[in-house]
Amino acid sequence: MKPRVAFFDFASCEGCQLQVVNLEEAVIDLVGIVDVVSFREAMKEHSNDYDIAFIEGSIARPMDEKRLKEIRGQARILVAFGACACIGGINALRNQFPMNSVKKRVYGDADIENNPYFEAFPTKAVDEVVKVDYYIRGCPVDRDELAKVITSLVLGKKPEISNYPLCVECKKKENVCVFEEGEFCLGPVTRAGCGAICPTNKSGCEGCRGLLDDPNTNAELEVLRKYGLTLENALSRFKMFCYKRGVSK
Ligand code: SF4
Ligand code: SF4
Ligand code: SF4
């Protein structure tokens with residue numbers, strides 16, 4: 001019997017789910033090995049009977065927290081899917097400000113008191129609410145990595161997720177380091193896996209795949225030192241996707 005897979009979205013732009021829809025030929029292979037039973041962005045049907053739950057988005061309200069716990073109670077395997085789910089992502093930028101001022105900025109003078117839809121708390125990554133079995137990183141997730149992880153899960157294998165710095169991928173591509181052009185880049189402390197797409201396109205990495213488990217290794221420090229920076233400098237620039245800096249798996 002094929003594993004039943006469900007996709008769920010929380011606070012997100014749904015760009016990671018769109019990557020699933022965009023899998024093109026690979027989607028045909030995946031349909032052969034899993035039954036997708038719930039996927040709001042692509043189908044009308046919905047079932048609460050699933051084995052693997054993919055969670056897109058961060059957790060922003062008490063009602064989201066409750067829903068996520070119910071999903072965890074049903075799923076045999078739960079996968080955090082995209083930067084919002086894995087580390088809080090763009091949504092967590094609001095955590096840098098008092099919640100009242102954030103609400104005021106978004107809703108102005110609208111009457112939002114005692115309405116659970118507006119009962120927001122500081123944004124949380126998924127694993128701050130429930131146990132996460134696997135993480136697929138990035139903003140958005142990488143399609144090839146996504147297809148590989150789904151295939152590994154179906155085969156009962158632990159998906160291989162990289163835990164080495166982005167600089168390794170970048171150097172393999174023989175890119176000119178953006179530091180040489182006077183730009184800043186979080187490559188020395190960011191987990192590889194995207195193919196160093198931003199530096200390849202002459203833009204510094206913003207760290208959407210999250211920090212390495214242990215960014216304090218000689219290779220990374222050497223790159224930073226070369227450009228007159230310390231590990232603390234680099235970490236303090238980890239703002240765009242910064243809320244939850246590292247994850248353990
Ligand atoms: S990780 Fe990026 S692409 Fe994915 S849902 Fe969040 S904001 Fe959208
Ligand atoms: S610092 Fe950035 S641009 Fe430089 S090698 Fe590392 S990933 Fe590439
Ligand atoms: S280079 Fe950095 S910011 Fe760009 S996709 Fe890769 S991890 Fe994300």
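Presented here is an overview of the structure given in this document. From a predicted model like this one, the values you see are computed outputs, not experimental measurements.

Parameters at a glance
Residues numbered from 1 in each chain as written. Chains lettered and ligands numbered in written order. Predicted model: local features only at pLDDT ≥ 70, side-chain atom pairs only at ≥ 80, totals over all residues. Heavy atoms only, no water. Helix = DSSP H or I, 4+ residues; strand = E, 2+ residues; numbered from the N terminus. Buried < 20%, exposed > 50% of the residue type's maximum accessible area, 1.4 Å probe, protein only. Contact = heavy atoms within 4.5 Å. Polar contact = N/O pair within 3.5 Å; in protein donor to acceptor, adjacent residues only side chain to side chain. Patch = residues over 30% accessible without salt bridge, like charges linked within 9 Å, V, L, I, M, F, W, Y side chains within 5 Å. Areas by Shrake-Rupley, 256 points an atom, 1.4 Å probe, with all protein chains shown as cover. Salt bridge = Lys/Arg side-chain N within 4 Å of Asp/Glu carboxyl O. Core = buried A, V, L, I, M, F, W, Y, C linked by side-chain atoms within 4.5 Å.

Here we take up the environment of His-46. With respect to the helices and strands, His-46 occurs in the loop between strand S2 (35–39) and strand S3 (52–56). Under the relative-accessibility criterion, His-46 is labelled partly exposed at 48%. With residues up to four places along the chain from it excluded, the contact list for His-46 reads Phe-8, Val-37 and Ser-38. A polar side-chain atom of His-46 sits 2.5 Å from a polar atom in the side chain of Ser-38.

The next point concerns a nonpolar patch on the surface. Residues Ile-90, Leu-93 and Met-240 make up a contiguous nonpolar surface patch of roughly 200 Å² in combined accessible area. Within the element layout of this structure, Met-240 appears in the segment after helix H10 (231–236).

Bringing the side chain of Arg-191 into the picture now. When you line up the elements, Arg-191 lands in the loop between helix H7 (166–172) and helix H8 (197–200). For Arg-191, a relative accessible area of 1% translates into the label buried. Polar side-chain contacts of Arg-191 include one of 2.8 Å to the side chain of Asp-213.

The next point concerns the nonpolar core. Among the nonpolar cores identified, the biggest contains 24 residues, and Phe-8, Tyr-50, Ile-55, Leu-68, Ile-71, Leu-78 and Val-126 are the most heavily contacted of them. Listed by contribution, the elements that provide at least two residues to this core are strand S1 (4–9), S3, helix H3 (62–74), strand S4 (77–81) and helix H4 (83–87). Among the elements that take part in this core, H4 stands out by supplying 4 residues, more than any other. Contacts of Leu-68, omitting those with residues within four sequence positions, involve Phe-10, Ile-55, Ile-59, Leu-78, Val-126, Val-129 and Val-130.

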